[in-house]
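Given next are the chains, with one letter for each unit.
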Amino acid sequence: MTGESCIFCKIANKEIASRIVFEDDEALAFQDINPQAPVHVVVISKRHIEKLTDLKESDAALAGKLILVCRDIAKTENCEGSGYRVVINTNRDAGQSVFHLHAHLLGGRRFVWPPG
Ligand code: 5GP
Ligand code: ZN
């Protein structure tokens, strides 16, 4: 899928509305449309990268940025102390459904391990 037909590119370009919780030049975070926990925020790279596998060495700062945005949102969404989970589903077996790199920040309830 190219960036042009990608739903998260459209969200990044504001062609599709979302409930944005954080934005800068590189990253965007918005409320998941189908939340799996009381806190469920999707953190994306603004640049279209299909999946974690496609990250290059030169993307190290961007990858770190996405993790730090998750850290900050855990604080603003009040689950820093109680706990939270950051998930990057990659390809079929992990259930990736949108092929634009994103991290899920999940919190506000207890999660099981191992995950389903
Ligand atoms: P994945 O399954 O690829 O790891 O995660 C994709 C996530 O994007 C899902 O949790 C899904 O609910 C969310 N999502 C898909 N389409 C939209 C949308 O149009 N708006 C928002 N806010 N979330 C979406
Ligand atoms: Zn995209």
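In the block above lies the structure referred to throughout.
Residues numbered from 1 in each chain as written. Chains lettered and ligands numbered in written order. Predicted model: local features only at pLDDT ≥ 70, side-chain atom pairs only at ≥ 80, totals over all residues. Heavy atoms only, no water.

The subject of this paragraph is the site of ligand 1. Looking at ligand 1, there are 16 residues lining it, with Gln31, Asp32, Asn89, Ser97 and His104 nearest. Between ligand 1 and Asn89 there is a distance of 2.9 Å, counted from an oxygen atom to a side-chain nitrogen or oxygen. Protein contacts shield 84% of the accessible area of ligand 1, which totals 520 Å² for the unbound molecule. At the level of elements, helix H1 (7-12), strand E2 (27-31) and strand E5 (102-107) are the ones that each hand at least two residues to the shell around ligand 1. (Near = heavy atom within 4 Å. Polar contact = N/O pair within 3.5 Å; in protein donor to acceptor, adjacent residues only side chain to side chain. Areas by Shrake-Rupley, 256 points an atom, 1.4 Å probe, with all protein chains shown as cover. Helix = DSSP H or I, 4+ residues; strand = E, 2+ residues; numbered from the N terminus.)

Once their charged atoms are close, side chains differing in charge can pair, the charge on each being opposite to the other. This structure, assessed with the given rule, holds nine salt bridges. With a closest N to O distance of 2.3 Å, Asp24 and Lys65 form a salt bridge. Of the two residues, Asp24 is situated in the loop between strand E1 (20-23) and E2 and Lys65 in helix H2 (residues 60-76); the sequence distance between them amounts to 41 residues. Here Asp24 falls in the partly exposed class, since its relative accessible area comes to 22%. On the basis of relative accessibility, which here comes to 19%, the residue Lys65 falls in the buried class. Two residues, Arg92 and Asp93, come together in a salt bridge whose shortest N-O distance is 3.2 Å. Grouping residues by exposure puts Arg92 and Asp93 together as exposed. Several salt bridges converge on common partners, so that one network encompasses Lys14, Glu23 and Lys46. (Salt bridge = Lys/Arg side-chain N within 4 Å of Asp/Glu carboxyl O. Buried < 20%, exposed > 50% of the residue type's maximum accessible area, 1.4 Å probe, protein only.)

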